Amino acid sequence: LSRSEGERRLAVYSPRQPGASLRRLTLESQLRLALQRRELFAVYQPQVALADGRLVGLEALVRWRHPERGVVPPGEFIPVAEEAGLIAAIGDFMLRESCQAAVRMHAAGLPPVPVSVNIATGQLRRADFLPQVLSELESSGLAPALLEIEITESMLMADVQSTISLLAALRERGVRVAIDDFGTGYSSLAYLGRLSLDRLKIDQSFVRDLRVPGPAEGIVRTVIALARSLRLNTLAEGVEQAEDAERLRALGCDDAQGYLYDRPLAEADLLAKYRT
Ligand code: C2E
Ligand code: MG
Ligand code: MG
Ligand code: MG
């Protein structure tokens, strides 16, 4: 293996493999520096209405411009960041950056659609999470209704009472809340009805499974019926083919996000395509 090949494979090494912990340590210290050196940046993936293709939102996704390895995807460094206690700093950066970018893009002619920001467990559990969100909204000038936070099912179920009140407090202020990767975790249906939510994001694994005969269609149909009864918006992730969009539209899904429409884009590219 060449050095770069070895490093690219880093994320798939399990801790049992020799050298894995050293590589992880290296990555961890490089990530620490990355924050200081401003090597992290955000890209934005459009979300569209399945009915007419109009832009309905943007998801902010973090990237790391590594000095030797090029752009590193979040799957390779978010888990390291969570374990190393760096996730709060990355999360703060993404929240600030996304709010500011949304205000810039709206001012430059992008339709006033919300920006969705992924929140990590270690971020949501911090006592100052709510004040942090409110302060980023205030300093950027972004209307609360134009910010959506994305959390996963496991985060909801970990500490139910405090999550219920946190989400209710956010939504009282007008901030939107989406459940990411819905269907891949363990949600209690009883709690789902007690949580203050706006949207369920149907995980891309279901969208992929819809392409072949099997149980996926019934599952997606059920998730959409559940969302409707809770008055939640539905968005399908990982829509890559026109047939995916067709099927999801027929099943009554509201919105979609995926390579069929756009890859995650830099701010300038997004504006070039969507400003009006
Ligand atoms: P996610 O939040 O579920 O984001 C969707 C992922 O699917 C993104 O990968 C996106 O680039 C990818 N994707 C979008 N459309 C398609 C498609 O049509 N086909 C396929 N195969 N993939 C598609 P990405 O950017 O690599 O992010 C991976 C995960 O990393 C995210 O999953 C999210 O859990 C996490 N992540 C990304 N940015 C952040 C962040 O700022 N903070 C936190 N805490 N987590 C983040
Ligand atoms: Mg997400
Ligand atoms: Mg997702
Ligand atoms: Mg995901």
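Here's a quick rundown of the structure.

What counts and how
- Residues numbered from 1 in each chain as written.
- Chains lettered and ligands numbered in written order.
- Predicted model: local features only at pLDDT ≥ 70, side-chain atom pairs only at ≥ 80, totals over all residues.
- Heavy atoms only, no water.
- Helix = DSSP H or I, 4+ residues; strand = E, 2+ residues; numbered from the N terminus.
- Buried < 20%, exposed > 50% of the residue type's maximum accessible area, 1.4 Å probe, protein only.
- Lys, Arg positive; Asp, Glu negative; His and termini not counted.
- Charge placed at Lys NZ, Arg CZ, Asp CG, Glu CD.
- Core = buried A, V, L, I, M, F, W, Y, C linked by side-chain atoms within 4.5 Å.
- Donors = N, O, S within 2.8 Å, 3.2 Å for Na, K, Ca; no water.
- Contact = heavy atoms within 4.5 Å.
- Near = heavy atom within 4 Å.
- Polar contact = N/O pair within 3.5 Å; in protein donor to acceptor, adjacent residues only side chain to side chain.
- 1 Å grid on protein atoms, 1.4 Å probe; cavity = no way out; pocket = protein on both sides within 12 Å on 5 of 7 lines; lining within 4 Å.
- Sits in = over half its atoms within 2 Å of the grid points.
- Nonpolar A, V, L, I, M, F, W, Y, C, P; charged D, E, K, R; others polar.
- Pairing = 2+ DSSP bridges.
- Expected span 1.5 Å × (residues − 1).
- Arc of directions from axis to C-beta.
- Salt bridge = Lys/Arg side-chain N within 4 Å of Asp/Glu carboxyl O.
- Points joined across faces, edges and corners; volume = space filled by probe spheres on them.

## Focus on the overall build of the protein chain
Right, on to step 1. In terms of helices and strands, the protein chain carries 13 helices and nine strands.
Right, on to step 2. With the C-alpha coordinates aligned to their principal axes, the bounding extent of the protein chain is approximately 50 × 45 × 45 Å.
Right, on to step 3. Across the 276 residues that make up the protein chain, the buried fraction comes to 48%.
Right, on to step 4. Once the 33 positive and 36 negative side-chain charges of the protein chain are each reduced to a mean point, those two points are 2 Å apart.

## Some points on the nonpolar core
Right, on to step 1. Of all hydrophobic cores here, the largest spans 80 residues; its most connected members are Leu147 and Ile151.
Right, on to step 2. With eight residues, helix H4 (residues 87-107) is the single largest residue contributor to this core.

## Comments concerning the coordination of the magnesium ion (ligand 3)
Right, on to step 1. Coordination of the magnesium ion (ligand 3) by the protein comes from Asp180 (OD), Asp181 (OD), Glu237 (OE) and Glu237 (OE), over a distance range of 2.0 to 2.4 Å.
Right, on to step 2. In the primary structure, the donors to the magnesium ion (ligand 3) are separated according to the pattern D-D-x55-E.
Right, on to step 3. Classification of Asp181 by relative accessible area gives partly exposed; the value is 26%.

## Some remarks on the environment of Pro74
Right, on to step 1. Along the chain, Pro74 turns up in helix H3 (residues 74-83).
Right, on to step 2. The partly exposed category is assigned to Pro74, whose relative accessible area is 21%.
Right, on to step 3. Aside from chain neighbours lying at most four places away, what touches Pro74 is Val62, Arg63 and Pro79.

## Description of the site of ligand 1
Right, on to step 1. Every one of the 21 residues lining ligand 1 counts as a neighbour, but Arg63, Asn118, Asp180, Glu240 and Tyr259 are closest to it.
Right, on to step 2. Val62 is positioned such that a nitrogen or oxygen atom in its backbone is 3.1 Å from a nitrogen atom of ligand 1.
Right, on to step 3. A distance of 2.5 Å separates a nitrogen atom of ligand 1 from a polar atom in the side chain of Glu240.
Right, on to step 4. Its atoms largely coinciding with the cavity grid, ligand 1 occupies the largest pocket.
Right, on to step 5. The set of elements that each furnish at least two residues to the shell around ligand 1 consists of strand E2 (55-66), H3 and strand E6 (176-182).
Right, on to step 6. Among the elements that make up the shell around ligand 1, the one with the highest residue count is E2 (four residues).
Right, on to step 7. Tallied by class, the residues present in the shell around ligand 1 amount to nine nonpolar, five polar and seven charged.

## Quick look at the pairing of strand E1 (residues 40-49)
Right, on to step 1. The buried fraction of E1 is high, at nine of ten residues.
Right, on to step 2. Bridge count between E1 and E2: nine bridges; the pairing is antiparallel. Note on E2: the bridge partner recorded for Gln47 is Gly57.
Right, on to step 3. Counting the residues between successive antiparallel strands, the hairpin from E1 to E2 contains five residues, one of them, Gly53, with a positive phi of roughly 75°.
Right, on to step 4. Judged from the two bridges that link them, E1 and strand E9 (residues 255-256) form a sheet pairing that is antiparallel.

## A word on helix H11 (residues 216-229)
Right, on to step 1. Taking 1.5 Å per residue, 14 residues should reach 20 Å; H11 reaches 20 Å between its end C-alpha atoms and fits that length.
Right, on to step 2. Along H11, the residues that are buried comprise Ala216, Val220, Val223, Ile224 and Ala227. Looking straight down H11, one finds that the buried residues subtend no more than 95° of arc, so they occupy a single side. Residues of H11 that are exposed and point more than 90 degrees away from the buried face comprise Thr222, Arg228 and Ser229.
Right, on to step 3. Arg231 sits one or two positions beyond H11 and adopts a positive phi of about 60°.

## Let's talk about the coordination of the magnesium ion (ligand 2)
Right, on to step 1. Protein-derived ligands of the magnesium ion (ligand 2) are Glu59 (OE), Asn118 (OD1), Glu150 (OE) and Asp180 (OD), with the metal-ligand distances lying across 2.0 to 2.2 Å.
Right, on to step 2. Each donor residue of the magnesium ion (ligand 2) lies on the same chain, and together they follow the pattern E-x58-N-x31-E-x29-D.
Right, on to step 3. In this model, the magnesium ion (ligand 2) sits 4.0 Å from the magnesium ion (ligand 3), the two metals being bridged by Asp180. Placement of the pair is Glu59 in strand E2 and Asn118 in strand E4 (residues 115-118), with a sequence separation of 59 residues.

## What to know about the pattern of salt bridges
Right, on to step 1. Considering all chains together, one arrives at 21 salt bridges under this definition.
Right, on to step 2. Note that Glu28 and Arg32 form a salt bridge whose closest N and O atoms lie 3.1 Å from each other. Of this pair, Glu28 and Arg32 both sit in helix H2 (residues 20-36), four residues apart, which is roughly one turn of the helix.
Right, on to step 3. A relative accessible area of 21% places Glu28 in the partly exposed class.
Right, on to step 4. Ionic pairing is found between Asp128 and Arg126, a salt bridge with its closest N-O pair at 3.0 Å.

## Focus on the layout of surface pockets
Right, on to step 1. The space that makes up the largest pocket amounts to roughly 960 Å³.
Right, on to step 2. Lining the largest pocket are 38 residues, and of these Glu59, Leu61, Pro74, Asn118 and Asp180 sit closest to its centre.
Right, on to step 3. Going through the elements one at a time, E2, H3, H4, E4, strand E5 (147-152), E6 and helix H10 (204-209) are the ones with two or more residues in the lining of the largest pocket.

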